[in-house]
Amino acid sequence: MKRVTLKEIYLHPIAQKYVKRAGLAHAISTANHAFNFALEHNVNPDLAVKAAFLHDIGHYTWYRNGQWDYTLYKENDIHAIKGAERAHKLLIRLDENPVAAKDIALAILLHTDSYLPDVGIRREPLQEVVALADEADEEPGGSHHYRTISKEEAEHAINELDNAINNYLKTQKKKQPAS
Ligand SMILES: [Fe+2]
Ligand SMILES: [Fe+2]
């Protein structure tokens, strides 16, 4: 089965609309962190990078009188739930492996607990990698959502990530004994 690339995801109109809403620079930077954390934690970087790139795809804009309203956001936000569903739909449309699409959606669902009652989440390694990557890119006051990146820089970073993932997958294949 052919791998769905990060570039294909990035170019899809759903990603163009909703990933940009929560900040393309944050999505790419989180994806970069996720690649590194994935190698450290022995997690498939293809899944980690895709989940990290899409982790905030479920955001809604909570503005009141032209200002971001944090109280409104805190009360009503379900971006991780919405994001898990939105990312899953997008991945299935792109013909992603359904098991991978589910793993990615779950990692998005659990990347934060800010919308949950205090139940205490126990994350699996892929989910932990995505949460760590998001945390690594967070800035005080949520300003990581407003950082900008040019189209050229974004596309360059996405190509680099795709190449790094392809190289990783090739090396893993070579390590497998011939059957
Ligand atoms: Fe988030
Ligand atoms: Fe985030």
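Note that this is a predicted model, so its numbers are computed, not measured.

(A) Structural view of the UniProt feature "domain: HD" (unreviewed entry) in the chain. The feature "domain: HD" (unreviewed entry), as annotated in UniProt, sits at residues 23-139 in this numbering. Annotated as residues 23-139, this span is 63% helix and 3% strand, and its ends, taken at the C-alpha atoms, are 13 Å apart.

(B) Focus on helix 2 (residues 13-22). Within the span of helix 2, buried status applies to A15, Y18, V19 and A22. Down the axis, helix 2 shows its buried residues gathered within 100 degrees of arc, on one side only. What points out from helix 2, more than 90 degrees from its buried face, is the exposed set P13, Q16 and K17. The secondary structure elements touched by the buried residues of helix 2 are helix 1 (6-11), helix 3 (24-40), helix 4 (45-54) and helix 6 (79-93). Just downstream of helix 2 lies G23, where phi reads positive at about 110 degrees.

(C) Quick look at the packing of helix 4 against helix 9 (residues 151-175). Taken N-terminus to C-terminus, the directions of helix 4 and helix 9 make an angle of 155 degrees; their axes are 9 Å apart at the nearest point. Classified by the angle between their axes, helix 4 and helix 9 sit roughly antiparallel to one another. Together, P45, D46 and V49 of helix 4 and L161, I165, Y168 and L169 of helix 9 make up the contact between the two elements. Looking at the contact of helix 4 with helix 9 residue by residue, the class counts come to six nonpolar, no polar and one charged.

(D) Representation of the environment of E153. As for its position among the elements, E153 is in helix 9. Of the residues examined, E153 has 13 C-beta atoms within 10 Å and is grouped as partly exposed. Taking the C-alpha atoms as reference, E153 lies 22 Å from E135; in sequence the two are 18 residues apart.

(E) Here's a closer look at the environment of L39. Along the chain, the position of L39 falls in helix 3. With 129 residues separating them along the chain, L39 and Y168 place their C-alpha atoms 9.3 Å apart.

(F) Fine view of the nonpolar core. Ranked by size, the top nonpolar core spans 46 residues in total, and within it A34, A48, V49, A51, I108, V129 and V130 carry the most contacts. Only helix 1, helix 2, helix 3, helix 4, helix 6, helix 7 (98-109), helix 8 (125-137) and helix 9 provide two or more residues apiece to this core. Considering each element in turn, this core owes the most residues, eight residues, to helix 3. Those residues in contact with A51 that sit more than four places away from it in its chain are I104, A107, I108, L126 and V130.

(G) Expanded view of the environment of Y63. Take Y63: it is sitting in strand 1 (residues 63-64). The exposure class of Y63 is exposed, given the 11 C-beta atoms found within 10 Å. A sequence separation of ten residues divides Y63 from Y73, and the C-alpha atoms of the two residues are 8.6 Å apart. Once you skip the residues sitting within four places of it in the chain, Y63 turns out to touch W68 and D69.

Rules used throughout
Residues numbered from 1 in each chain as written. Chains lettered and ligands numbered in written order. Predicted model: local features only at pLDDT ≥ 70, side-chain atom pairs only at ≥ 80, totals over all residues. UniProt positions renumbered as here; feature names shortened; annotations may be inferred. Helix = DSSP H or I, 4+ residues; strand = E, 2+ residues; numbered from the N terminus. Buried ≥ 20, exposed ≤ 12 C-beta atoms within 10 Å, placed from the backbone. Arc of directions from axis to C-beta. Contact = placed C-beta atoms within 7 Å. Axes fitted to C-alpha atoms, helices over the stretch in contact; angles between N-to-C directions. Parallel < 35°, antiparallel > 145°, perpendicular 65-115°, else oblique. Nonpolar A, V, L, I, M, F, W, Y, C, P; charged D, E, K, R; others polar. Core = buried A, V, L, I, M, F, W, Y, C linked by C-beta atoms within 7 Å.

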